[in-house]
Amino acid sequence: MKGVFIKTYGCQMNVYDSARMVKLLAPLGFVPVMAPNDADLVIFNTCHIREKAAEKVYSELGKIHRLKIAKAHRGGTMIVAVGGCVAQAEGAEILHRVPFVDLVFGPQSYHRLPELVVRALREDGVRVLDTNFPAEPKFDYLPEASAAAGVTAFLTVQEGCDKFCSFCVVPYTRGAEYSRPVVQVLTEARHAVGAGVREITLLGQNVNAYHGESPDGRNWGLGELIRGLAELPGLDRIRYTTSHPGDVDDGLIAAHRDVPQLMPFVHLPVQSGADRVLAAMNRRHTADVYRQIVDRLRSARSDLALSSDFIVGFPGESEEDFLATLDLVDEIGFAQAFSFKYSRRPGTPAAFARDQVPESVKSYRLDVLQRLLKRQQRDFNEACVGQILPVLLEKPGRHDGQLVGRSPYLQSVHVAAPARLGEIVPVLISAASTNSLAGSLAPAAAA
Ligand code: 5AD
Ligand code: SF4
């Protein structure tokens, strides 16, 4: 038996990919281990979306080097592999910059991981680089990942992106948009539900661009896929992430109206509230179009909660543009959100812009925006106090007699409850903070 340690950075897609790697490597005798110290194989599944994410990988790799040397002194071998989007974007540079890395593979090549690892093990000292975009879809070769999950699971239905927002590396690292066929998705979901999964989150870099081939010969959009999944008995909750406003179509909005299993929470990145900036970002929508989409979603499902991504300090962003973003946030009201300083990514169009915003201005704007978003998040959570919310109990809490679950709006809820993991129970919310809720079983269910 050999130990594999996988460290995952970045988005949920990487979390999902890492789970699949574990399954792929099992037939070679690899079992996952919790620490890298004595591992035979260390994999960094990396993220390239912002500069900080990429730099973190290089600094963590430095620590692994010491472990690799220590293992060699004990007569053992530690294969060090770098996968994911940094590998895709900087493959050859990694081999050059980090001489003890044995294997570099892109997100499109990890179905070949067993073969690459065997090569690295057999031919001691050989260094392998595989960052090709294969002609064959990798999903045809991959084992299912979700059966390993507990009560909730991720399911990748779409990968890559054709939107080419001018700040973003995804179209270059993950490649062209690809949707998995409907039957593959439904089969994987059925197996997950059979293994005890109650909630599935459909994943994709631009998941609502989904257009998978279906048995009836048509392409299903995300709305149709959600309707198909909702027919699986035992699948109580469906979510999806992450979406582009331009791909919110009537079918998806109708699914929010008609499918009770589809949770009333949508992560819909807007990035900026200023049309000038949105145009320079190549987002293909205006702030008003975003507002209209939100209105339509809310008319379909009145309690729908929203989340978003924001970038401050995009090249050319003026104070007035930034104020337009604050206005949009004020108007819409987000239940949660992620916000980032613009980070120059090599090879993307915006990296070449001459009117880069100074770091100090970016920091100031991020601080102001995050204060506002945080306040909205706390207000949203506090408005839940006194309500009874259905909570899917996912895992034991930190204290005895406490479980942690999620509300329909993706809030983390600490529940004083006997162990009933995997159930959806009504919880009377008694307290709220910025990041979570607390409550106890509502009387009817406690009886
Ligand atoms: N700089 C800052 N933030 C970025 N994002 C993507 N690329 C960049 C970049 N170059 C953010 C966007 C996206 C989220 C996943 O990461 O907000 O929606
Ligand atoms: Fe990147 Fe999302 Fe834009 Fe695609 S839609 S280019 S993944 S920010």
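Refer to the structure above for everything that follows.
Residues numbered from 1 in each chain as written. Chains lettered and ligands numbered in written order. Predicted model: local features only at pLDDT ≥ 70, side-chain atom pairs only at ≥ 80, totals over all residues. Heavy atoms only, no water.

*Asks:* How should the sheet that holds strand β16 (residues 336–341) be read in this particular structure?
*Replies:* One open sheet accounts for 3 strands, arranged β14-β15-β16; its pairing is parallel. The open sheet has two free edges, formed respectively by β14 (265–267) and β16, since each of these has just one partner strand. Taking the axes of each pair of neighbouring strands and ignoring which way they run, one obtains an average angle of 10° across the sheet. In this structure, strand β15 (residues 305–312) lies alongside β16, joined through 6 bridges in parallel fashion. Each bridged residue has a counterpart across the sheet, and for Phe310 the counterpart in β16 is Ser339. (Pairing = 2+ DSSP bridges. Helix = DSSP H or I, 4+ residues; strand = E, 2+ residues; numbered from the N terminus. Axes fitted to C-alpha atoms, helices over the stretch in contact; angles between N-to-C directions.)

*Asks:* Is there a simple way to explain helix α1 (residues 12–25) in this structure?
*Replies:* Since the α-helix advances by 3.6 residues per turn, residues separated by three or four positions end up pointing in the same direction. The terminal C-alpha atoms of α1 lie 20 Å apart, and with 14 residues this matches the ideal 20 Å at 1.5 Å per residue to within 8%. When we look at burial in α1, the residues that qualify are Met13, Asn14, Tyr16, Asp17, Ser18, Arg20, Met21, Leu24 and Leu25. (Expected span 1.5 Å × (residues − 1). Buried < 20%, exposed > 50% of the residue type's maximum accessible area, 1.4 Å probe, protein only.)

*Asks:* What am I meant to see in the layout of surface pockets here?
*Replies:* In this approach a probe as big as a water molecule rolls over the atoms, and the regions it shows empty are the leftover space. The volume enclosed by the second largest pocket comes to roughly 210 Å³. Around the second largest pocket, the lining is made up of 15 residues, and of these Gln108, Pro134, Pro137, Ala176 and Tyr178 lie nearest the centre. (1 Å grid on protein atoms, 1.4 Å probe; cavity = no way out; pocket = protein on both sides within 12 Å on 5 of 7 lines; lining within 4 Å. Points joined across faces, edges and corners; volume = space filled by probe spheres on them.)

*Asks:* Would you mind showing me how to read the site of ligand 2 here?
*Replies:* Around ligand 2, a shell composed of Cys161, Lys163, Phe164, Cys165, Phe167, Cys168, Val170, Pro171, His244 and Arg283 is seen. Of the residues contributing to the shell around ligand 2, the split by class is 7 nonpolar, 1 polar and 2 charged. (Near = heavy atom within 4 Å. Nonpolar A, V, L, I, M, F, W, Y, C, P; charged D, E, K, R; others polar.)

*Asks:* Would you explain the site of ligand 1 in this entry?
*Replies:* Taken together, Ile49, Arg50, Phe167, Gln271, Asp309, Ile311, Phe340, Lys341, Tyr342, Ser343 and Arg345 make up the full set of residues near ligand 1. Between ligand 1 and Arg50 there is a distance of 2.7 Å, counted from an oxygen atom to a side-chain nitrogen or oxygen. Between a nitrogen atom of ligand 1 and a main-chain N or O atom of Ser343, the distance comes to 2.7 Å. For the shell around ligand 1, the secondary-structure elements that each account for two or more residues are β15 and β16. Considering only residue class, the shell around ligand 1 consists of 5 nonpolar, 2 polar and 4 charged. (Polar contact = N/O pair within 3.5 Å; in protein donor to acceptor, adjacent residues only side chain to side chain.)

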